[in-house]
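A closer look at the structure
Below are the chains, spelled out letter by letter.
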Amino acid sequence: MTVAPTDLRIPPDLLPVDGRFGCGPAKIRPEAVEALTRNRLLGTSHRQAPVRDLVGRVKTGLATLFRVPDDWEIVLGNGGSTTFWDVAVCSLIERRSSHASFGEFSAKFAAAAARAPHLDEPAVVSVAAGTTVLPEPLPDADVYAWAHNETSTGALAPVQRIHGADDRALVVVDGTSAAGGVDLDVTATDVYYFAPQKSLGSEGGLWIALCSPAAVERIERIAATDRWIPESLSLGLALQNSRQNQTLNTPAIATLVLLENQLDWLNGLGGLAAAGRRSADSATRLYGWAERNPWATPFVGRPEERSPVVGTIDFAGVEAPQLAAALRANGVVDTEPYRKLGRNQLRIGMFPTVEPDDVSALCRCLDWLLERLGGPAA
Ligand SMILES: *Cc1c(COP(=O)(O)O)cnc(C)c1O
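Going by the annotation in an unreviewed UniProt entry, the name recorded for the protein is phosphoserine transaminase, with Microlunatus kandeliicorticis given as the source organism. Quoted straight from UniProt, the Cofactor (unreviewed entry) entry for the protein says "pyridoxal 5'-phosphate". UniProt annotates the protein under Pathway (unreviewed entry) with the comment "Amino-acid biosynthesis; L-serine biosynthesis; L-serine from 3-phospho-D-glycerate: step 2/3."

Printed below as a string of structure tokens:
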């Protein structure tokens, strides 16, 4: 008689202390959630000083974490990174963008630009899932766009200037999922944008853009033209509001409180470099385990492209959905792969919030499950 995967009971001493391994929303530190229960700002006006001061502290915390130069601006608005693609289409791309596409998220920004009636057809270079590429330099491209960490595949791309691009072109990098867990030189970009529900250990619904002086100049120039830009997609308006520590419309104050707490924690750890080392430690444990395990292989072939924050592991000789279901039945959740990738895979969030020891525990749980669910190893 065979046991259903969801009836398997993993011995408690093998289980991680915290079983949240999602790639967004992702684990939120219990200390941050406690800070919410004590907070007196929830349910008060975002137009009054106390919440505006909170926004100001979040901006300061971000400036410290990302070592943002003094002449840059930190802009925020509602809608998350998906909304930011439409914001960028309306308020950042002048005529034509050049994109690199290597997964769902980088592809979506390119698709948004392709649909915009006021822009020329974007250039898009695509490569197979699990690898990365940089956008092609083109004489008429005024925005270069790609994702730092392609969360759908677990591939990490470089953040750098595009060799051969026009000096006036802007580098616009999607940092969602990487931001806060992977060190970078933000001055290699003009706009580094992200949402805080991944490495930044908060909730979704907010977008944040770190903007260089060149980006600010572009935003203000486009805002002054007669291009029709819906107010909610106007970076010009968002910039004006952010300068007043406000957002165009009501933000979720809980998201800001959680974000402030996480920024304090990350900066206290030693900033982005220390946060990056924590995720890299987790990643070494996961990929090392997968390389030694006969059923498992890291999906991203080139070690230097393997994300330290989103680990994707292919399985052979066992059905990965059964592993995910068995883990879930034991309180270890969100190890399922990105839905549209369609691989026999698990995807593990290893954001700085996740304890490296919990990643080791997860590997031990997988060993235990593979002994019971795995067929002959490939
Ligand atoms: C999660 C994610 C997004 C989408 O973020 P939302 O806030 O849900 O819109 C975009 N890009 C990347 C790289 C992501 O990981």
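Here's the deal with the pairing of strand S8 (residues 191-194)
Across the two faces of S8 the burial is the same, with Val191 and Tyr193 and Tyr192 and Phe194 all buried. Sheet topology note: the strand S7 (residues 170-174)/S8 ladder contains 3 bridges and is parallel. Residue Asp174 lies in a different strand from S8, and its bridge partner there is Tyr193. Examined bridge by bridge, S8 and strand S9 (residues 206-211) share 4 bridges and lie antiparallel to one another. In the sheet register, Tyr192 faces S9, and the bridge partner there is Leu210.

Here we look at the domain arrangement of the protein
On domain assignment, one finds that the protein holds domain 1 (16-28 + 270-373) and domain 2 (30-268). Each partner contributes to the interface: domain 1 provides 32 residues, whereas domain 2 provides 39 residues. Viewed at the interface, domain 2 and domain 1 are joined by 1 salt bridge. A salt bridge links Glu104 to Lys340; the shortest N-O distance between them is 3.5 Å. Joining domain 1 to domain 2, the criterion identifies 14 residue pairs in polar contact (both at pLDDT 80 or more). In terms of residue count, the dominant contributor to the side of domain 1 that touches domain 2 is helix H8 (residues 271-292) (8 residues). Class assignment of the residues belonging to the side of domain 1 that touches domain 2 gives a composition of 17 nonpolar, 9 polar and 6 charged.

Here we look at the pattern of salt bridges
As enumerated under the stated definition, the model contains 24 salt bridges in all. Across the pair Glu73 and Arg243 runs a salt bridge whose closest N-O atoms are separated by 2.6 Å. Taken together, the positions of Glu73 in strand S1 (residues 73-78) and Arg243 in helix H6 (residues 235-243) put the pair 170 residues apart, joining distant regions of the chain. In this structure Arg243 comes out as partly exposed when scored by relative accessible area, which is 41%. The partner of Glu220 in a salt bridge is Arg243, and the shortest N-O contact between them spans 3.3 Å. Of this pair, Glu220 sits in helix H5 (residues 213-223) while Arg243 sits in helix H6; the two residues are 23 residues apart in sequence, bridging distant segments of the chain. Among the charged side chains, a salt-bridge network with shared partners connects Glu94, Asp142, Glu217, Arg218 and Arg221.

Looking at the UniProt feature "domain: Aminotransferase class V" (unreviewed entry) in the protein
The residues that UniProt annotates with the feature "domain: Aminotransferase class V" (unreviewed entry) are residues 139-332. Helix makes up 36% of residues 139-332 and strand 17%. Its end C-alpha atoms lie 50 Å apart.

Quick word on the sheet that holds strand S11 (residues 310-315)
With respect to topology, 3 strands assemble into an open sheet ordered S10-S11-S12, the strand pairing being antiparallel. Here the strands that pair on one side only, and so sit at the sheet edges, are strand S10 (296-298) and strand S12 (345-349). Across the sheet, the axes of successive neighbouring strands diverge by a mean angle of 30 degrees, strand direction being ignored. Looking at chain direction, S10 and S11 are connected through 3 bridges and run antiparallel.

Notes on the site of the ligand
Near the ligand you find 13 residues, and of these Thr82, Thr151, Asp174, Gln197 and Lys198 are the closest. A distance of 2.4 Å separates an oxygen atom of the ligand from a polar side-chain atom of Thr151. In the environment of the ligand, a nitrogen atom lies 2.6 Å from a nitrogen or oxygen atom belonging to the side chain of Asp174. When isolated, the ligand has an accessible area of 390 Å², and the protein chains bury 87% of it. When residues of the shell around the ligand are assigned to their parent elements, the largest contribution, 4 residues, is made by helix H3 (residues 80-91).

What counts, and where the lines are drawn
- Residues numbered from 1 in each chain as written.
- Predicted model: local features only at pLDDT ≥ 70, side-chain atom pairs only at ≥ 80, totals over all residues.
- Heavy atoms only, no water.
- UniProt positions renumbered as here; feature names shortened; annotations may be inferred.
- Buried < 20%, exposed > 50% of the residue type's maximum accessible area, 1.4 Å probe, protein only.
- Helix = DSSP H or I, 4+ residues; strand = E, 2+ residues; numbered from the N terminus.
- Pairing = 2+ DSSP bridges.
- Domains from an automatic or database assignment.
- Contact = heavy atoms within 4.5 Å.
- Salt bridge = Lys/Arg side-chain N within 4 Å of Asp/Glu carboxyl O.
- Polar contact = N/O pair within 3.5 Å; in protein donor to acceptor, adjacent residues only side chain to side chain.
- Nonpolar A, V, L, I, M, F, W, Y, C, P; charged D, E, K, R; others polar.
- Axes fitted to C-alpha atoms, helices over the stretch in contact; angles between N-to-C directions.
- Near = heavy atom within 4 Å.
- Areas by Shrake-Rupley, 256 points an atom, 1.4 Å probe, with all protein chains shown as cover.

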